Amino acid sequence: MDAQARAEELLHAYVASGRETGLQVAAWLDGALVVDAWAGTADPATGRAVDGDTLFQLYSCGKGLTATAIHLLADRGVLDYDAPIAAYWPEFGVHGKDRITVRHALTHRAGIPHLPDDFTLGDMADWDRACAVVADMTPVGEPGTRSGYHPVVFGWLLGETIRRADGRRPDRFVREEITGPLGIDGSLDFGIPGEALPRVAHHREADDTGAVPARHAPADTPLRTLSSAAQANHPLRLGACVPSSAVGTARGLARLYAALARGGELDGVRLLSPDRIATATATAVHGIDATLGKPMRRGLGYVLGRPGTPMGHARVFGHDGVGESIGFADPAHRFSLAVAKNRLTDDWTPASTTYALAAAIREALGLPLPGA
(Lines give C-alpha, C1' and ligand atoms only; values in the text may rest on other atoms or scores of the structure.)
Protein backbone atom coordinates (compact mmCIF):
# COMPACT_ATOMS: atom_id res chain seq x y z
CA MET A 1 0.00 0.00 0.00
CA ASP A 2 1.43 3.41 -0.94
CA ALA A 3 1.85 6.22 1.57
CA GLN A 4 -1.23 8.19 0.44
CA ALA A 5 -3.52 5.17 0.66
CA ARG A 6 -2.07 4.13 4.04
CA ALA A 7 -2.59 7.63 5.45
CA GLU A 8 -6.17 7.77 4.20
CA GLU A 9 -6.89 4.34 5.69
CA LEU A 10 -5.60 5.38 9.11
CA LEU A 11 -7.35 8.75 9.15
CA HIS A 12 -10.74 7.28 8.30
CA ALA A 13 -10.28 4.48 10.84
CA TYR A 14 -9.43 6.95 13.61
CA VAL A 15 -12.51 9.05 12.83
CA ALA A 16 -14.80 5.99 12.57
CA SER A 17 -13.60 4.70 15.94
CA GLY A 18 -14.24 8.04 17.68
CA ARG A 19 -10.56 8.44 18.45
CA GLU A 20 -10.42 11.61 16.33
CA THR A 21 -12.95 14.17 15.12
CA GLY A 22 -11.22 15.78 12.15
CA LEU A 23 -7.62 15.83 10.99
CA GLN A 24 -5.15 16.30 8.13
CA VAL A 25 -1.72 14.88 7.37
CA ALA A 26 0.72 15.94 4.66
CA ALA A 27 4.21 14.77 3.78
CA TRP A 28 6.89 15.78 1.28
CA LEU A 29 9.75 13.65 0.03
CA ASP A 30 12.63 15.23 -1.89
CA GLY A 31 10.56 18.20 -3.01
CA ALA A 32 7.39 16.29 -3.94
CA LEU A 33 4.10 16.19 -2.07
CA VAL A 34 3.61 12.45 -1.45
CA VAL A 35 0.80 12.51 1.14
CA ASP A 36 -2.09 14.98 1.29
CA ALA A 37 -4.95 13.39 3.20
CA TRP A 38 -7.79 14.37 5.52
CA ALA A 39 -10.88 12.93 7.18
CA GLY A 40 -13.63 13.71 9.63
CA THR A 41 -15.66 16.68 10.72
CA ALA A 42 -14.48 20.26 11.04
CA ASP A 43 -17.57 21.45 12.92
CA PRO A 44 -19.75 18.86 14.68
CA ALA A 45 -22.51 21.45 15.18
CA THR A 46 -23.06 21.89 11.44
CA GLY A 47 -21.58 18.70 10.05
CA ARG A 48 -19.04 20.64 7.96
CA ALA A 49 -16.41 18.17 6.79
CA VAL A 50 -12.64 18.62 6.90
CA ASP A 51 -10.99 19.16 3.53
CA GLY A 52 -7.46 19.98 2.45
CA ASP A 53 -8.01 23.72 2.95
CA THR A 54 -9.54 23.51 6.43
CA LEU A 55 -7.58 25.66 8.87
CA PHE A 56 -6.58 24.36 12.29
CA GLN A 57 -5.25 26.13 15.35
CA LEU A 58 -1.74 24.65 15.32
CA TYR A 59 -0.68 26.31 18.55
CA SER A 60 3.09 26.04 19.16
CA CYS A 61 3.82 24.73 15.68
CA GLY A 62 4.00 28.47 15.02
CA LYS A 63 7.26 28.64 16.98
CA GLY A 64 9.02 26.88 14.11
CA LEU A 65 7.79 29.58 11.72
CA THR A 66 8.99 32.32 14.07
CA ALA A 67 12.36 30.63 14.47
CA THR A 68 12.70 30.41 10.69
CA ALA A 69 12.04 34.16 10.42
CA ILE A 70 14.72 34.87 13.04
CA HIS A 71 17.24 32.70 11.19
CA LEU A 72 16.42 34.39 7.90
CA LEU A 73 17.28 37.74 9.46
CA ALA A 74 20.44 36.28 10.98
CA ASP A 75 21.42 34.96 7.53
CA ARG A 76 21.07 38.51 6.21
CA GLY A 77 23.15 39.99 9.02
CA VAL A 78 20.19 41.91 10.45
CA LEU A 79 20.09 39.99 13.75
CA ASP A 80 22.84 38.59 15.99
CA TYR A 81 21.92 35.65 18.22
CA ASP A 82 24.19 36.89 21.00
CA ALA A 83 23.04 40.50 20.96
CA PRO A 84 20.82 41.62 23.83
CA ILE A 85 17.18 41.88 22.80
CA ALA A 86 17.30 45.39 24.30
CA ALA A 87 19.75 46.39 21.57
CA TYR A 88 16.81 46.11 19.15
CA TRP A 89 14.00 46.81 21.61
CA PRO A 90 15.29 49.28 24.24
CA GLU A 91 12.08 49.27 26.32
CA PHE A 92 12.64 45.59 27.03
CA GLY A 93 15.90 46.17 28.90
CA VAL A 94 14.38 46.83 32.35
CA HIS A 95 13.92 44.81 35.54
CA GLY A 96 17.07 42.76 34.93
CA LYS A 97 16.25 41.86 31.32
CA ASP A 98 19.04 43.90 29.75
CA ARG A 99 21.28 40.80 29.49
CA ILE A 100 18.68 38.58 27.80
CA THR A 101 19.89 37.73 24.29
CA VAL A 102 18.16 36.53 21.16
CA ARG A 103 19.79 33.15 21.77
CA HIS A 104 18.30 33.01 25.28
CA ALA A 105 14.83 33.63 23.83
CA LEU A 106 15.26 30.97 21.14
CA THR A 107 16.32 28.39 23.75
CA HIS A 108 13.65 29.33 26.35
CA ARG A 109 16.25 30.67 28.77
CA ALA A 110 14.94 34.24 29.06
CA GLY A 111 13.54 33.56 32.53
CA ILE A 112 10.05 34.96 31.80
CA PRO A 113 8.08 31.83 30.94
CA HIS A 114 4.59 32.85 32.05
CA LEU A 115 2.31 35.79 31.30
CA PRO A 116 0.81 37.73 34.23
CA ASP A 117 -2.36 36.18 35.64
CA ASP A 118 -4.43 39.18 34.57
CA PHE A 119 -3.35 39.00 30.90
CA THR A 120 -6.56 38.94 28.84
CA LEU A 121 -7.89 37.95 25.44
CA GLY A 122 -7.98 41.63 24.59
CA ASP A 123 -4.31 41.99 25.53
CA MET A 124 -3.50 39.11 23.20
CA ALA A 125 -5.34 40.75 20.32
CA ASP A 126 -3.51 44.08 20.76
CA TRP A 127 0.09 43.79 19.50
CA ASP A 128 1.43 46.93 21.18
CA ARG A 129 -0.27 46.18 24.49
CA ALA A 130 0.99 42.58 24.55
CA CYS A 131 4.54 43.70 23.79
CA ALA A 132 4.35 46.35 26.53
CA VAL A 133 3.33 43.65 29.04
CA VAL A 134 6.30 41.48 28.02
CA ALA A 135 8.68 44.46 28.14
CA ASP A 136 7.62 45.19 31.73
CA MET A 137 8.04 41.61 33.03
CA THR A 138 10.61 40.66 35.66
CA PRO A 139 12.55 37.38 35.29
CA VAL A 140 11.69 34.65 37.78
CA GLY A 141 15.22 33.24 37.54
CA GLU A 142 18.62 34.24 36.26
CA PRO A 143 18.34 34.70 32.48
CA GLY A 144 20.56 32.44 30.44
CA THR A 145 20.70 29.62 32.97
CA ARG A 146 17.91 27.01 33.01
CA SER A 147 15.78 26.28 29.96
CA GLY A 148 12.09 26.47 30.83
CA TYR A 149 9.48 26.48 28.08
CA HIS A 150 7.95 29.92 27.34
CA PRO A 151 4.58 28.81 25.87
CA VAL A 152 3.20 32.21 24.78
CA VAL A 153 5.80 34.83 25.78
CA PHE A 154 8.16 33.32 23.16
CA GLY A 155 6.01 34.82 20.41
CA TRP A 156 6.12 38.47 21.42
CA LEU A 157 9.65 38.20 22.76
CA LEU A 158 10.98 37.22 19.33
CA GLY A 159 8.18 38.74 17.26
CA GLU A 160 8.80 42.26 18.53
CA THR A 161 12.54 41.70 18.06
CA ILE A 162 11.77 40.93 14.40
CA ARG A 163 9.68 44.08 14.12
CA ARG A 164 12.30 46.32 15.71
CA ALA A 165 15.16 44.87 13.64
CA ASP A 166 13.33 44.69 10.30
CA GLY A 167 10.53 47.26 10.56
CA ARG A 168 7.74 44.82 9.68
CA ARG A 169 5.47 43.09 12.18
CA PRO A 170 6.18 39.35 12.13
CA ASP A 171 2.90 38.40 10.43
CA ARG A 172 3.68 40.73 7.54
CA PHE A 173 7.33 39.62 7.50
CA VAL A 174 6.51 35.92 7.16
CA ARG A 175 3.88 36.58 4.47
CA GLU A 176 6.32 38.60 2.39
CA GLU A 177 9.48 36.58 3.02
CA ILE A 178 8.39 33.00 3.77
CA THR A 179 4.81 31.89 3.19
CA GLY A 180 4.16 34.14 0.19
CA PRO A 181 7.24 33.02 -1.76
CA LEU A 182 6.50 29.37 -0.86
CA GLY A 183 2.91 29.69 -2.07
CA ILE A 184 1.35 28.95 1.33
CA ASP A 185 0.10 32.41 2.31
CA GLY A 186 -3.37 31.77 3.70
CA SER A 187 -2.37 28.22 4.67
CA LEU A 188 0.06 29.14 7.45
CA ASP A 189 -0.28 32.37 9.42
CA PHE A 190 0.11 33.70 12.96
CA GLY A 191 -3.45 35.03 12.81
CA ILE A 192 -6.17 35.04 10.18
CA PRO A 193 -8.54 37.67 8.76
CA GLY A 194 -12.22 37.50 9.59
CA GLU A 195 -13.17 36.23 6.15
CA ALA A 196 -11.11 33.08 6.77
CA LEU A 197 -13.00 32.12 9.96
CA PRO A 198 -15.47 29.84 8.08
CA ARG A 199 -12.49 27.68 7.06
CA VAL A 200 -11.41 27.00 10.67
CA ALA A 201 -11.99 23.62 12.30
CA HIS A 202 -13.90 23.71 15.57
CA HIS A 203 -11.61 22.35 18.31
CA ARG A 204 -12.62 20.27 21.28
CA GLU A 205 -10.95 18.90 24.39
CA ALA A 206 -9.96 15.24 24.36
CA ASP A 207 -12.58 14.27 26.95
CA ASP A 208 -15.44 16.20 25.32
CA THR A 209 -17.69 13.78 23.46
CA GLY A 210 -20.27 16.34 22.36
CA ALA A 211 -20.23 19.29 20.05
CA VAL A 212 -18.31 22.20 21.55
CA PRO A 213 -20.24 25.48 21.34
CA ALA A 214 -18.53 28.53 19.92
CA ARG A 215 -16.66 30.48 22.58
CA HIS A 216 -17.44 34.20 22.73
CA ALA A 217 -15.84 35.19 26.01
CA PRO A 218 -15.49 38.97 26.39
CA ALA A 219 -12.18 40.66 25.67
CA ASP A 220 -11.46 41.22 29.38
CA THR A 221 -11.47 37.47 30.11
CA PRO A 222 -8.14 36.36 31.64
CA LEU A 223 -6.43 34.02 29.20
CA ARG A 224 -5.52 31.55 31.97
CA THR A 225 -9.22 30.82 32.63
CA LEU A 226 -9.88 29.50 29.13
CA SER A 227 -9.26 25.95 28.01
CA SER A 228 -7.12 25.25 24.97
CA ALA A 229 -10.23 24.49 22.88
CA ALA A 230 -12.00 27.65 24.03
CA GLN A 231 -9.00 29.70 22.96
CA ALA A 232 -8.66 27.83 19.66
CA ASN A 233 -12.30 28.59 18.80
CA HIS A 234 -12.35 32.25 19.83
CA PRO A 235 -12.32 34.85 17.03
CA LEU A 236 -10.03 37.16 19.04
CA ARG A 237 -7.48 34.37 19.43
CA LEU A 238 -7.72 33.31 15.81
CA GLY A 239 -7.36 36.85 14.51
CA ALA A 240 -4.51 37.90 16.79
CA CYS A 241 -0.89 37.95 15.66
CA VAL A 242 0.61 35.56 18.22
CA PRO A 243 3.97 34.30 16.91
CA SER A 244 4.12 31.53 19.49
CA SER A 245 1.22 29.93 17.58
CA ALA A 246 0.00 29.44 14.05
CA VAL A 247 -3.26 28.82 12.23
CA GLY A 248 -2.92 26.72 9.12
CA THR A 249 -3.20 23.47 7.23
CA ALA A 250 -1.04 20.37 7.42
CA ARG A 251 -0.25 20.93 3.74
CA GLY A 252 1.10 24.44 4.41
CA LEU A 253 3.12 23.45 7.47
CA ALA A 254 4.64 20.43 5.72
CA ARG A 255 5.69 22.61 2.76
CA LEU A 256 7.57 24.98 5.08
CA TYR A 257 9.53 22.05 6.46
CA ALA A 258 9.97 20.54 2.99
CA ALA A 259 12.10 23.57 2.13
CA LEU A 260 14.12 23.24 5.33
CA ALA A 261 14.56 19.49 4.76
CA ARG A 262 16.21 20.25 1.40
CA GLY A 263 18.87 22.61 2.72
CA GLY A 264 16.57 25.63 2.85
CA GLU A 265 15.32 25.68 -0.76
CA LEU A 266 12.18 24.46 -2.52
CA ASP A 267 10.96 25.16 -6.06
CA GLY A 268 13.53 27.89 -6.55
CA VAL A 269 12.66 29.66 -3.27
CA ARG A 270 15.52 29.82 -0.77
CA LEU A 271 14.63 30.47 2.85
CA LEU A 272 17.89 29.73 4.67
CA SER A 273 21.43 28.71 3.80
CA PRO A 274 22.50 25.13 4.60
CA ASP A 275 25.06 26.47 7.08
CA ARG A 276 22.38 28.47 8.86
CA ILE A 277 20.17 25.40 9.15
CA ALA A 278 23.08 23.44 10.59
CA THR A 279 23.67 26.16 13.18
CA ALA A 280 19.98 26.47 14.04
CA THR A 281 19.47 22.72 14.50
CA ALA A 282 22.60 21.85 16.49
CA THR A 283 21.81 20.84 20.07
CA ALA A 284 21.66 24.04 22.14
CA VAL A 285 19.96 22.72 25.31
CA HIS A 286 19.42 19.16 26.44
CA GLY A 287 17.89 17.99 29.71
CA ILE A 288 14.84 18.37 31.92
CA ASP A 289 12.81 21.41 30.97
CA ALA A 290 12.18 23.60 34.03
CA THR A 291 8.60 24.41 32.95
CA LEU A 292 7.49 21.09 31.48
CA GLY A 293 9.36 18.82 33.87
CA LYS A 294 10.32 16.40 31.10
CA PRO A 295 13.42 15.84 28.95
CA MET A 296 13.78 18.06 25.92
CA ARG A 297 16.35 18.63 23.17
CA ARG A 298 16.27 22.02 21.52
CA GLY A 299 18.17 23.85 18.85
CA LEU A 300 17.67 27.56 18.26
CA GLY A 301 13.88 27.79 18.31
CA TYR A 302 13.25 24.27 17.02
CA VAL A 303 12.54 21.11 19.01
CA LEU A 304 14.96 18.31 18.11
CA GLY A 305 13.99 14.69 17.69
CA ARG A 306 14.41 12.11 20.42
CA PRO A 307 13.27 8.48 20.80
CA GLY A 308 9.65 7.94 21.80
CA THR A 309 8.37 10.98 19.92
CA PRO A 310 6.97 11.27 16.37
CA MET A 311 10.17 13.03 15.24
CA GLY A 312 12.31 10.28 16.74
CA HIS A 313 15.67 10.73 15.08
CA ALA A 314 18.31 13.05 16.50
CA ARG A 315 18.76 15.01 13.25
CA VAL A 316 15.05 15.71 12.83
CA PHE A 317 13.79 19.17 13.86
CA GLY A 318 10.50 21.04 13.99
CA HIS A 319 7.88 21.92 16.58
CA ASP A 320 4.75 20.39 18.04
CA GLY A 321 1.66 22.08 19.45
CA VAL A 322 -1.26 21.51 21.78
CA GLY A 323 -3.44 18.63 20.66
CA GLU A 324 -0.71 16.60 18.88
CA SER A 325 -0.32 18.95 15.93
CA ILE A 326 3.23 18.84 14.60
CA GLY A 327 5.49 19.84 11.74
CA PHE A 328 9.04 18.64 11.20
CA ALA A 329 11.90 18.20 8.74
CA ASP A 330 14.15 15.18 8.32
CA PRO A 331 17.10 16.49 6.30
CA ALA A 332 18.86 13.13 6.13
CA HIS A 333 15.98 11.80 4.02
CA ARG A 334 14.76 15.13 2.53
CA PHE A 335 11.42 14.37 4.17
CA SER A 336 8.88 16.50 6.00
CA LEU A 337 5.58 15.77 7.68
CA ALA A 338 2.78 17.71 9.36
CA VAL A 339 -0.34 16.70 11.25
CA ALA A 340 -3.25 19.00 12.20
CA LYS A 341 -6.24 17.87 14.27
CA ASN A 342 -9.13 19.34 16.19
CA ARG A 343 -9.49 16.87 19.05
CA LEU A 344 -6.89 18.21 21.46
CA THR A 345 -5.37 15.02 22.79
CA ASP A 346 -1.98 15.17 24.49
CA ASP A 347 -0.31 11.79 23.96
CA TRP A 348 3.17 11.80 22.46
CA THR A 349 3.86 8.09 23.00
CA PRO A 350 4.02 5.46 20.22
CA ALA A 351 0.30 4.88 20.90
CA SER A 352 -0.63 8.39 19.80
CA THR A 353 -2.33 9.33 16.54
CA THR A 354 0.53 11.55 15.41
CA TYR A 355 3.23 8.98 16.18
CA ALA A 356 1.26 6.25 14.39
CA LEU A 357 0.74 8.41 11.30
CA ALA A 358 4.41 9.38 11.17
CA ALA A 359 5.51 5.77 11.55
CA ALA A 360 3.06 4.42 8.95
CA ILE A 361 3.98 7.03 6.35
CA ARG A 362 7.70 6.52 6.92
CA GLU A 363 7.27 2.76 6.59
CA ALA A 364 5.26 3.12 3.37
CA LEU A 365 8.02 5.35 1.93
CA GLY A 366 10.80 3.00 3.00
CA LEU A 367 12.24 5.44 5.55
CA PRO A 368 13.56 4.56 9.02
CA LEU A 369 10.87 4.54 11.69
CA PRO A 370 10.92 7.06 14.58
CA GLY A 371 13.72 6.17 16.97
CA ALA A 372 15.30 3.65 14.60
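Residues numbered from 1 in each chain as written. Predicted model: local features only at pLDDT ≥ 70, side-chain atom pairs only at ≥ 80, totals over all residues. Heavy atoms only, no water.

## Regarding the packing of helix 2 (residues 62-75) against helix 8 (residues 170-182)
Line of reasoning, step 1. Running from N to C, helix 2 and helix 8 cross one another at 85°; their axes reach a closest spacing of 11 Å. Our classification of the angle between helix 2 and helix 8 gives roughly perpendicular. On helix 8, the residues touching Leu65, Thr68, Ala69, Leu72 and Leu73 of helix 2 are Phe173, Val174, Glu177, Ile178 and Thr179.
Line of reasoning, step 2. The residue makeup of the contact of helix 2 with helix 8, split by class, is seven nonpolar, two polar and one charged. (Axes fitted to C-alpha atoms, helices over the stretch in contact; angles between N-to-C directions. Helix = DSSP H or I, 4+ residues; strand = E, 2+ residues; numbered from the N terminus. Parallel < 35°, antiparallel > 145°, perpendicular 65-115°, else oblique. Contact = heavy atoms within 4.5 Å. Nonpolar A, V, L, I, M, F, W, Y, C, P; charged D, E, K, R; others polar.)

## Comments concerning helix 6 (residues 127-135)
Line of reasoning, step 1. Those residues of helix 6 that fall on the buried side of the exposure criterion are Trp127, Ala130, Cys131, Val134 and Ala135. Buried residues in helix 6, looked at end-on, bunch into an arc of 140°, giving them a common side.
Line of reasoning, step 2. Against helix 5 (121-125), helix 7 (153-166) and helix 8 lie the buried residues of helix 6.
Line of reasoning, step 3. Where helix 6 begins, the side chain of aspartate 126 points an oxygen toward the backbone nitrogen of aspartate 128, at a separation of 3.3 Å. (Buried < 20%, exposed > 50% of the residue type's maximum accessible area, 1.4 Å probe, protein only. Arc of directions from axis to C-beta. Polar contact = N/O pair within 3.5 Å; in protein donor to acceptor, adjacent residues only side chain to side chain.)

## As for the side chain of aspartate 123
Line of reasoning, step 1. Secondary-structure assignment places aspartate 123 in helix 5.
Line of reasoning, step 2. Only 2.9 Å separates the side chain of aspartate 123 from the backbone nitrogen of threonine 120, close enough to count as a polar contact.
Line of reasoning, step 3. Here arginine 129 takes part through its side chain, which lies 2.9 Å from a polar atom of the side chain of aspartate 123.
Line of reasoning, step 4. Once residues within four sequence positions are removed from consideration, aspartate 123 is found in contact with Asp118, Arg129 and Ala130.

## Notes on the pattern of salt bridges
Line of reasoning, step 1. Counted by the stated rule, this structure contains 25 salt bridges.
Line of reasoning, step 2. Of the charged contacts, one joins aspartate 30 and arginine 262 as a salt bridge, the two residues approaching to 3.7 Å between their closest N and O atoms. Taken together, the residues aspartate 30 in the loop between strand 1 (22-29) and strand 2 (32-43) and arginine 262 in the loop between helix 11 (250-261) and strand 8 (265-266) connect sequence positions 232 residues apart.
Line of reasoning, step 3. For aspartate 30, a relative accessible area of 45% gives the class partly exposed.
Line of reasoning, step 4. What you see here is one network of salt bridges that share partners, running through Arg76, Asp166, Arg168, Arg172, Glu176 and Glu177. (Salt bridge = Lys/Arg side-chain N within 4 Å of Asp/Glu carboxyl O.)

## Points about the sheet that holds strand 4 (residues 56-59)
Line of reasoning, step 1. Read from one edge of the open sheet, three strands run 4-7-5, paired in antiparallel fashion. Of all strands in the sheet, those bounded by a partner on one side alone are strand 4 and strand 5 (188-189).
Line of reasoning, step 2. Examined bridge by bridge, strand 4 and strand 7 (residues 246-248) share three bridges and lie antiparallel to one another. Within strand 7, the position partnered with tyrosine 59 by the bridge is alanine 246. (Pairing = 2+ DSSP bridges.)

## Details of the environment of threonine 349
Line of reasoning, step 1. On the secondary structure map, threonine 349 appears in the loop between strand 16 (343-344) and helix 13 (353-365).
Line of reasoning, step 2. Overall, threonine 349 belongs to the partly exposed group, its relative accessible area being 38%.
Line of reasoning, step 3. If we skip the residues at most four places from it in the chain, threonine 349 touches Gly308 and Tyr355.
Line of reasoning, step 4. At 2.7 Å, the side chain of threonine 349 and the side chain of aspartate 347 are in polar contact.

## A closer look at the confidence of the model for the protein chain
Line of reasoning, step 1. For the protein chain, mean pLDDT is 95; residues scoring 70 or higher make up 98% of the total.
Line of reasoning, step 2. The low-confidence segment residues 210-214, where pLDDT is below 50, has 10 contacts with residues more than four positions distant or belonging to other chains. (pLDDT = per-residue confidence, 0-100.)

## Quick notes on the packing of aromatic side chains
Line of reasoning, step 1. Here the structure, examined in full by the defined rule, presents five aromatic pairs.
Line of reasoning, step 2. Pairing phenylalanine 119 with tryptophan 156 gives two aromatic rings, centres 5.5 Å apart and planes at 50°, and the pair type is tilted. With a gap of 37 residues between them, phenylalanine 119 in the loop between helix 4 (102-106) and helix 5 and tryptophan 156 in helix 7 connect regions that are remote in the sequence. Tryptophan 156 shares its class with phenylalanine 119; the two are buried.
Line of reasoning, step 3. Ring geometry for tyrosine 302 versus phenylalanine 317: centroids 5.0 Å apart, planes at 55°, classification tilted. Taken as a pair, tyrosine 302 in the loop between strand 11 (295-298) and strand 12 (303-304) and phenylalanine 317 in strand 13 (residues 317-321) lie far apart in primary sequence, 15 residues in all. Each of the two residues, tyrosine 302 as well as phenylalanine 317, counts as buried.
Line of reasoning, step 4. Counting every residue linked through ring pairs, the aromatic cluster contains Tyr257, Tyr302 and Phe317.
Line of reasoning, step 5. Positioned above the aromatic ring of tyrosine 14, the side-chain terminus of arginine 19 is 4.1 Å from the ring centre.
Line of reasoning, step 6. A cation over a ring is seen here: lysine 97 above phenylalanine 92, with NZ or CZ 4.9 Å from the ring centre. (Phe/Tyr/Trp six-rings, centres within 6.5 Å; stacked < 30°, edge-to-face > 60°. Lys NZ or Arg CZ within 6 Å of the ring centre and 35° of its normal.)

## So, the environment of proline 310
Line of reasoning, step 1. Of note, proline 310 is situated in the loop between strand 12 and strand 13.
Line of reasoning, step 2. In the structure, proline 310 is positioned 52 residues away from arginine 362 in sequence and 11 Å away in space, judged by C-alpha atoms.
Line of reasoning, step 3. In contact with proline 310, other than residues within four places in its own chain, are Ile326, Phe328, Trp348, Thr354, Tyr355, Ala358 and Pro370.

## Describing helix 2
Line of reasoning, step 1. Taking 1.5 Å of rise per residue, 14 residues should cover 20 Å, and helix 2 covers 20 Å from first to last C-alpha, within 8% of that figure.
Line of reasoning, step 2. Within helix 2, 13 of the 14 residues are buried, which leaves it mostly tucked inside the rest of the structure.
Line of reasoning, step 3. Taken from the residues just after helix 2, glycine 77 is the one with a positive phi, measuring 80°. (Expected span 1.5 Å × (residues − 1).)

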